[in-house]
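Each chain, written out:
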Amino acid sequence: MGNHCKDINTVCSCNKLFNEKTLHPLVSIINLSGKCEEKEIRLNTYSVLIHEHPLFNSGGRKPYDFNAATVFFILLDKTISIASEKDYPQSGKLLIFDTDLLCGTNFGKQIKNYTFFKYKPESESLHVSTAELKTIYNCLDNINYELQWGIDKFSATIISNKIELLLNYCCRFYERQFITRHDAFDETYDTLRNEIDDYMLNGKIHKMGMPCTCCFSRKLNLSSAYINDLIKHESGKDFPDYLQTRRIEIAKHMIIANNKSDAYIALALGFGGVQNFTKLFWQITGMTTEEYRR
């Protein structure tokens, strides 16, 4: 990042920066091909940044990723880069919307579920195909159509619904990206599983309790939100449920391979007592530890 970053606190201020007309004080779609003197800005709004260029290689794009555009999802008060590459003009769009737009809407209650806003923009961005980019731009056109309509009592709900549709399409495209990155994700998933197993087997779980995703995010250079979504994609479980399943798998190995007692396993794996261990073992495996031993 550069030494100077301009703080932008309102939609109107961002429009002025790009010489865009303000159609609504709480939401705007900005064409990035317009002249802007700033290289980096910090927005006090939600942002969806679409960098469109066939040679643009940011956000952790790999050779097997689509390259029509890279889409970044930015939370409030986060810095975004809007500078064009040295030899190529900037191309793309920026959707910004204020939290006040969402007040009283169903979308306002649901936006926390779009976890990609917590992803690392430098390595976990969405890389879309030409067809996917067309879908995204169609959504932006629909939002813009509503902005041109003017402001009335229905505006916030209708615009929020159209932004929600855009984000739902992005959920679909991220799901596709998890599939097209399957081999790379298999390697990351295996590394994460090994890190979790080491945490449990080396006594950390006994001393420090069950880990959270942040315990592994720095070592894997992934955001906590991305780790949780990766686990859910690969295993179908949220991170806490996945941890419990792995803990029982390790316990099963201790029973069969090492012939450890329930008391030893309960202590070593931080169950807080034999009863807690045997109850969870039965819930996950459908049998008692004695039945498993036999």
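This text follows the structure it describes.
Residues numbered from 1 in each chain as written. Predicted model: local features only at pLDDT ≥ 70, side-chain atom pairs only at ≥ 80, totals over all residues. Heavy atoms only, no water.

**Q** So what about the overall build of the protein chain? Which residues, and what values?
**A** Broken down by element type, the protein chain carries 13 helices and 8 strands. Across its three principal directions, the C-alpha atoms of the protein chain cover 75 × 45 × 35 Å. Restricting to contacts in the protein chain with at least 6 residues of sequence separation, those with at least 24 account for 73%. For the protein chain, the exposed surface amounts to about 15,600 Å²; the carbon and sulfur share of it is 49%. Averaging the coordinates of the 35 positive side-chain charges in the protein chain and doing the same for the 35 negative ones gives two points 3 Å apart. (Helix = DSSP H or I, 4+ residues; strand = E, 2+ residues; numbered from the N terminus. Contact = heavy atoms within 4.5 Å. Areas by Shrake-Rupley, 256 points an atom, 1.4 Å probe, with all protein chains shown as cover. Lys, Arg positive; Asp, Glu negative; His and termini not counted. Charge placed at Lys NZ, Arg CZ, Asp CG, Glu CD.)

**Q** Just give me the short version of the sheet that holds strand β1 (residues 6–8), but keep the residues and values in it.
**A** Here we have 3 strands laid out as an open sheet, ordered β1-β3-β6, and mixed in their pairing. Both edges of this open sheet fall to β1 and β6 (78–81), since each of them pairs with a single strand only. Across the sheet, the mean angle from the axis of one strand to that of its neighbour is 35 degrees, orientation sign disregarded. With 4 bridges connecting them, strand β3 (residues 40–43) and β6 associate as antiparallel partners. Bridge pairing in β6 places E40 opposite S81. (Pairing = 2+ DSSP bridges. Axes fitted to C-alpha atoms, helices over the stretch in contact; angles between N-to-C directions.)

**Q** Please set out the pattern of salt bridges residue by residue, giving values where relevant.
**A** Oppositely charged side chains may form a pair once their charged atoms are brought near each other. Counted according to the given criterion, the structure contains 9 salt bridges. One salt bridge connects D190 with R193, and the closest N-O pair in it is separated by 3.2 Å. Linking D190 with R193, this pair stays in helix α6 (residues 182–201), spanning 3 residues, or about one helical turn. Relative accessible area serves as the criterion here: at 29%, R193 is assigned to the partly exposed category. A salt bridge links K252 to E249, with the nearest nitrogen and oxygen atoms 3.3 Å apart. Of this pair, K252 and E249 are both found in helix α10 (residues 239–256), 3 residues apart, which corresponds to roughly one turn of the helix. By relative accessible area, K252 is classed as buried at 18%. When salt bridges that share partners are traced, they join D262, E290 and R293 into one network. (Salt bridge = Lys/Arg side-chain N within 4 Å of Asp/Glu carboxyl O. Buried < 20%, exposed > 50% of the residue type's maximum accessible area, 1.4 Å probe, protein only.)

**Q** Provide a residue-level description of empty space enclosed by the protein, including the pertinent values.
**A** For the coordinates displayed, the defined rule picks out 2 cavities of 30 Å³ or more. A volume near 40 Å³ is recorded for the second largest cavity. Around the second largest cavity, the lining residues are F72, F73, F116, Y119, K120, P121, E124, S125 and Y174. (1 Å grid on protein atoms, 1.4 Å probe; cavity = no way out; pocket = protein on both sides within 12 Å on 5 of 7 lines; lining within 4 Å. Points joined across faces, edges and corners; volume = space filled by probe spheres on them.)

**Q** With reference to specific residues and values, describe the environment of K162.
**A** Within the secondary structure, K162 sits in helix α5 (residues 155–180). When its relative accessible area of 26% is taken as the criterion, K162 is described as partly exposed. Residues K162 and A268 lie 106 residues apart in sequence; the distance between their C-alpha atoms is 51 Å. Once residues within four sequence positions are removed from consideration, K162 is found in contact with N142, I143 and E146.

**Q** Go over the sheet that holds strand β7 (residues 92–97) with me, naming the residues and quoting the values.
**A** The strands making up a sheet are joined through hydrogen bonds of the backbone, oriented either antiparallel or parallel. Strands sit in the order β2-β7-β4-β5-β8 across an open sheet of 5 strands; the sheet is antiparallel. Edge positions in the open sheet fall to β2 (27–31) and β8 (126–128), since each of these has one partner strand only. Strand-to-strand twist across the sheet, computed as the mean angle between neighbouring axes with direction ignored, equals 15 degrees. Sheet strands in contact with α5 are β2, β4 (46–52), β5 (69–74), β7 and β8, and its direction is about 85 degrees off that of β8.

**Q** Help me get a handle on the nonpolar core, residues and values and all.
**A** Side chains of nonpolar character tend, in soluble globular proteins, to be buried together. F73, L95, F97, I136 and I163 are the most contacted members of the largest nonpolar core, which has 66 residues in total. If we skip the residues at most four places from it in the chain, F73 touches S47, V48, F116, F117, L126, L167, C170 and Y174. If you look at the next biggest cluster of nonpolar residues, it comprises 16 residues, including I8, I30, L43 and I80. (Core = buried A, V, L, I, M, F, W, Y, C linked by side-chain atoms within 4.5 Å.)

**Q** Pulling in residues and values, what's your account of the state of the cysteines?
**A** One pass over the full model with this rule turns up 0 disulfides. Just so you know, C171 is unpaired, no disulfide at all, and the nearest cysteine sulfur is the one on C170, 7.4 Å from it. We classify C171 as partly exposed; its relative accessible area is 33%. (Disulfide = S-S within 2.5 Å.)

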